[in-house]
Amino acid sequence: MKILVLNSGSSSLKFQLFDMTCHKVLYSGLIEQVRDHQQAIITMVKQLSAQGHIHQLADLDAIGHRVVHGGEYFKQPTLVNQQTIEAIEQLIPLAPLHNPANLLGIKMAQQYAPDVPQVAVFDTSFHTSLPDYAYIYGLPYELYNKHHIRRYGFHGTSHYYVSRQAARHLRAHYNLEQPRLISLHLGNGASAAAIDNGQSIDTSMGMTPLEGLLMGSRSGDIDPAILFYLARETGAGIQELDDLLNKQSGLKGICGQNDMRTIIEQAKQGNTLSSLAIHIFCYRIKKYIGAYSAALNGLDGIIFTGGIGENSAFIREQVCSAMDGLGIEFDTEKNQNSYDKLLELHSSASKVKIMAIRTNEELEIATQTYMAIRAPQ
Ligand code: ADP
């Protein structure tokens, strides 16, 4: 059972081939600086063929596609047909950079392998369980009806994958059956999710991935009136402000760097703006942990994932220090251990369990694709 997972972006094509009988990765590749998606697919097939895995896309059992925005329509992985394509097209205004590139990947794969079942897996689906009071903004209600303005949330595949791993661990080792979890996906983009008994009940990214935590180059939460002020004072236009908040802000805006490894190095060498950037990054996360503990009416576990969450013992410690008032007691020694899939980070006295878990969005997409093609439609 060979399933190919495609992540077709505007300028790159990421792919992984899985053997789903043993959940093993057979091959993974990245084609960068893609100008022509058709050419990228041809290059990918050449690479897979050179390794002897498949000779053409038609040799696959299924293809799973990462799609960024599924709006309110796609609550679960969905088999691709004409209706699915049209619905993803209708969602382009909500994700103008991502959905068109995702669609190109789907259409190319369909062209080369019309008989291979394809499944679209959405970054937003996991958060479609949010209650209305968590997803409606304090704006005129008709903006929701007319313009679909609401919180959607992203990183859903990752939050789902790590929260399931965490729940399995807590059930097996602590008899916790319905854990209340906060999942922290900390990469270049970063988001938090509050998960109650397997369901996402709130998340920090909003209508777009700009809201919430401080990120590599995105501001996260700010007072929206800053934009009006800047427009009035500097004459900045919409594109400029969009660029400012999405590309020139966050860690990069504060200390000039968006790579956390470099920022930590610089902070250790005495760079005060790098230290400030780290402080803001961790403090914002602490605030979300507090808010989501209240939303969940208590907390059983915190999950660190994404490039920073999985790898930076330093950031994990900064986030969890001085949180014992909330029953979060961190073990700085365990935090230094290397690990394969899951590392416990709490002290034996801690009420809240803390874990670093390696996310695997590609495997999750492959698994969901496999389940979707087996399920009766
Ligand atoms: P993306 O969101 O683009 O998928 P990743 O999840 O790979 O990004 O995360 C990238 C971030 O993880 C970068 O800021 C990088 O510096 C950081 N990172 C990776 N390893 C470490 C580490 N050992 N210590 C601190 N930061 C790290």
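What counts, and at which threshold
- Residues numbered from 1 in each chain as written.
- Predicted model: local features only at pLDDT ≥ 70, side-chain atom pairs only at ≥ 80, totals over all residues.
- Heavy atoms only, no water.
- Helix = DSSP H or I, 4+ residues; strand = E, 2+ residues; numbered from the N terminus.
- Rg over C-alpha atoms; globule rule 2.2 N^0.38 Å.
- Buried < 20%, exposed > 50% of the residue type's maximum accessible area, 1.4 Å probe, protein only.
- Areas by Shrake-Rupley, 256 points an atom, 1.4 Å probe, with all protein chains shown as cover.
- Domains from an automatic or database assignment.
- Pairing = 2+ DSSP bridges.
- Axes fitted to C-alpha atoms, helices over the stretch in contact; angles between N-to-C directions.
- Contact = heavy atoms within 4.5 Å.
- Near = heavy atom within 4 Å.
- Polar contact = N/O pair within 3.5 Å; in protein donor to acceptor, adjacent residues only side chain to side chain.
- Parallel < 35°, antiparallel > 145°, perpendicular 65-115°, else oblique.
- Left-handed = near helix turned anticlockwise from the far one by under 90°.
- Nonpolar A, V, L, I, M, F, W, Y, C, P; charged D, E, K, R; others polar.
- Phe/Tyr/Trp six-rings, centres within 6.5 Å; stacked < 30°, edge-to-face > 60°.
- Core = buried A, V, L, I, M, F, W, Y, C linked by side-chain atoms within 4.5 Å.
- Lys, Arg positive; Asp, Glu negative; His and termini not counted.
- Salt bridge = Lys/Arg side-chain N within 4 Å of Asp/Glu carboxyl O.
- 1 Å grid on protein atoms, 1.4 Å probe; cavity = no way out; pocket = protein on both sides within 12 Å on 5 of 7 lines; lining within 4 Å.
- Points joined across faces, edges and corners; volume = space filled by probe spheres on them.

Asker: Could you give an account of the overall build of the chain, naming the residues involved and the relevant values?
Answerer: Within the chain one finds 14 helices and twelve strands. Rg of the C-alpha trace for the chain: 21 Å, near the compact-globule value of 21 Å for 377 residues, within the 12% margin. Taken along the three principal axes of its C-alpha coordinates, the chain extends 55 × 55 × 45 Å. For the chain, buried positions account for 50% of its 377 residues. Summing over all exposed atoms, the chain offers an accessible surface of approximately 18,000 Å²; the carbon and sulfur share of this is 49%.

Asker: Describe the domain arrangement of the chain, naming the residues involved and giving the relevant values.
Answerer: Domain assignment breaks the chain into domain 1 (2-122) and domain 2 (175-361). Of note, the centres of domain 1 and domain 2, computed from C-alpha atoms alone, are 29 Å apart.

Asker: Which residues make up the sheet that holds strand β9 (residues 199-203), and what values do they have?
Answerer: Taken together, the six strands give an open sheet; going across it, the order is β9-β8-β7-β10-β12-β11, and neighbouring strands pair in mixed fashion. Unpaired on one side and paired on the other, β9 and β11 (342-344) mark the two borders of the sheet. Each neighbouring strand pair of the sheet contributes to a mean axis angle of 25°, computed without reference to strand direction. Where strand β10 (residues 301-305) lies against strand β12 (residues 353-357), four bridges are found, and the strand directions are parallel. Counted as the bridge partner of Ile 302 is Ile 354 from β12. Packing against the sheet, helix α6 (residues 156-174) makes contact with β7 (180-186), β8 (190-196), β10, β11 and β12, and its axis sits at approximately 130° to β12.

Asker: Before we move on, can you summarise the site of the ligand with the specific residues and values?
Answerer: Neighbouring the ligand are 13 residues, the closest being Asn 188, Asp 259, Met 260, Arg 261 and Gly 307. Note that an oxygen atom of the ligand is positioned 2.9 Å from one of the backbone N or O atoms of Gly 307. In the complex, the protein chains occlude 68% of the 580 Å² of accessible area that the ligand would expose alone. Mapped onto the shell around the ligand, the elements with two or more residues apiece are α10 (260-268) and α12 (306-311). Top element by residues in the shell around the ligand is α12. It accounts for four residues.

Asker: Please provide a residue-by-residue account of the packing of helix α7 (residues 225-234) against helix α8 (residues 238-247), values included.
Answerer: Put simply, α7 and α8 touch, their axes get as near as 11 Å, and they point 135° apart. For the element pair α7 / α8, the angle class is oblique. The crossing of α7 and α8 is right-handed. Along its contact with α7, which presents Leu 227, Leu 230 and Ala 231, the element α8 presents Leu 241, Leu 244 and Leu 245. Residues belonging to the contact of α7 with α8 are distributed by class as follows: six nonpolar, no polar and no charged.

Asker: Describe the packing of aromatic side chains, naming the residues involved and giving the relevant values.
Answerer: Across all of its chains, the model carries seven aromatic pairs by this definition. For the pair Phe 74 and Phe 122, a centre-to-centre distance of 4.2 Å together with 10° between the ring planes defines the contact as stacked. Of this pair, Phe 74 sits in the loop between β4 (62-67) and β5 (78-79) while Phe 122 sits in strand β6 (residues 118-122), and the two are 48 residues apart along the sequence. Here a set of aromatic residues connected by ring pairs shows up, and it is made of Tyr 73, Phe 74 and Phe 122.

Asker: Describe the environment of Asp 331, and please don't skip the residues or the numbers.
Answerer: By the secondary structure assignment, Asp 331 is in the loop between α13 (313-320) and β11. In sequence terms Asp 331 and Ser 348 are 17 residues apart; their C-alpha atoms lie 8.4 Å from each other. For Asp 331, the residues in contact, after removing those within four places along its chain, are Leu 345, His 346 and Ser 347. At 3.0 Å, the side chain of Asp 331 and the backbone nitrogen of Lys 334 are in polar contact.

Asker: Tell me about the nonpolar core, residues and numbers included.
Answerer: Ranked by size, the top nonpolar core spans 43 residues in total, and within it Phe 281 and Ile 289 carry the most contacts. Of all the elements in the fold, those that place two or more residues in this core are β7, β8, α9 (250-255), α10, α11 (272-295), β10, α13 and β12. In this structure, Ile 289 is in contact with Ile 182, Leu 184, Leu 299, Ile 302, Val 319, Met 323 and Ile 328, ignoring residues within four places of it in sequence. Counting 22 residues, the second-largest nonpolar core is a separate cluster that includes Met 20, Leu 170, Leu 181 and Met 355.

Asker: Outline the side chain of Lys 353, supporting the account with residue identities and numerical values.
Answerer: Summarising the element assignment, Lys 353 is placed in strand β12. We note that Lys 353 is buried and unpaired, the nearest opposite charge coming from Glu 344 at a distance of 7.7 Å. Excluding residues that lie within four positions of it along the chain, Lys 353 makes contacts with Leu 170, Tyr 174, Asp 300, Gly 301, Ile 302 and His 346.

Asker: Please set out the layout of surface pockets residue by residue, giving values where relevant.
Answerer: Empty pockets left among the atoms are what a rolling probe the size of a water molecule brings to light. The space that makes up the second largest pocket amounts to roughly 470 Å³. In terms of lining residues, the second largest pocket is bounded by 23 residues, among which Lys 75, Gln 76, Pro 77, Ser 125 and Gln 368 are the most central. When residues of the lining of the second largest pocket are traced back to their parent elements, those giving at least two are β5, β6, α6, β9 and α14 (361-374). In terms of residue class, the lining of the second largest pocket is built from ten nonpolar, twelve polar and one charged.

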